[in-house]
Structures are given as C-alpha cells and as structure tokens.
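Given next are the chains, with one letter for each unit.
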Amino acid sequence: LPRGQDQGMHRRAQEQEALEAKEFQIQAAGGAVELVITGGYEVKSIKINKDIIDPEDSSMLEDALMIAFNEGVKKIQVESEKISAGLTSGMGIPGF
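Attention in this report is confined to the structure presented alongside it. These numbers come from a predicted model, not from an experiment.

Quick look at the side chain of Glu34
Right, on to step 1. For Glu34, the position within the fold is in strand β2 (residues 33-38).
Right, on to step 2. In contact with Glu34, other than residues within four places in its own chain, are Gln25, Ile26, Gln27, Ser45, Ile46 and Lys47.

Brief notes about the environment of Lys75
Right, on to step 1. When you line up the elements, Lys75 lands in helix α2 (residues 59-88).
Right, on to step 2. Judged by relative accessible area, which is 34%, Lys75 ranks as partly exposed.
Right, on to step 3. Lys75 has contacts with Phe24, Gln25 and Ile26, leaving out every residue within four places of it along the chain.

A few points about unusual backbone geometry
Right, on to step 1. Its identity as a non-glycine residue notwithstanding, Ala29 has a phi of 55°, on the positive side.
Right, on to step 2. When you line up the elements, Ala29 lands in the loop between β1 (23-28) and β2.
Right, on to step 3. With a phi angle near 65°, Tyr41 is a residue other than glycine that sits in the positive phi range.
Right, on to step 4. Tracing the backbone shows Tyr41 in the loop between β2 and β3 (43-48).
Right, on to step 5. Residue classification places Tyr41 among the partly exposed positions, given a relative accessible area of 43%.

About the thresholds
Residues numbered from 1 in each chain as written. Predicted model: local features only at pLDDT ≥ 70, side-chain atom pairs only at ≥ 80, totals over all residues. Heavy atoms only, no water. Helix = DSSP H or I, 4+ residues; strand = E, 2+ residues; numbered from the N terminus. Contact = heavy atoms within 4.5 Å. Buried < 20%, exposed > 50% of the residue type's maximum accessible area, 1.4 Å probe, protein only.

Honestly, it's all geometry; don't read function into it.
Now the structure itself:
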C-alpha cells in the first residue's frame, strides 16, 4: 500500500478503537430508563426507575428499553460515519 493509504488505515484502526471504548449515555421515557452503551455495542448498564415498572403492563418499560437501545445504536453509527468521512476525505476516494 502507498504510505498515505497505510497511514490512513492505521488512523482508522485507532479511531475505531477509540469509538469502541467510548461510552454513550441514553435516556428514554423522560429519564425513567437510562442506558450506557459503548461504541462496540456493549451495554454497560441499564438503570430503570421503579415508577416505570408496572407488573400488569410491561409494554411501557419494553418500549422505553427499545427506544434507548435504538438511540444508542444510532449515536454509534453517526460517530462511525464521522470517522469514516473524515478519513476518506483526504484519500482521494471517489464519492467521499
């Protein structure tokens, strides 16, 4: 590989490692559910306010967890796209 591309790939690997270690904190249901997820898609913690727990109807809690997780995934994807865009912009790759 040409030197510039080799450096770009090394930088991409470093950026990816940093992203995987980064933690994203997401709240749903007005803060009743809090999720911490890493850029490597590892859930580090889930905190649930007891007021959102209804033994007769779990759908509200289920929805809040789904929303929090999906928001976390979106944040990770946005960060990953920023890294990719920043690295490819100087590499002369068509379309970037």
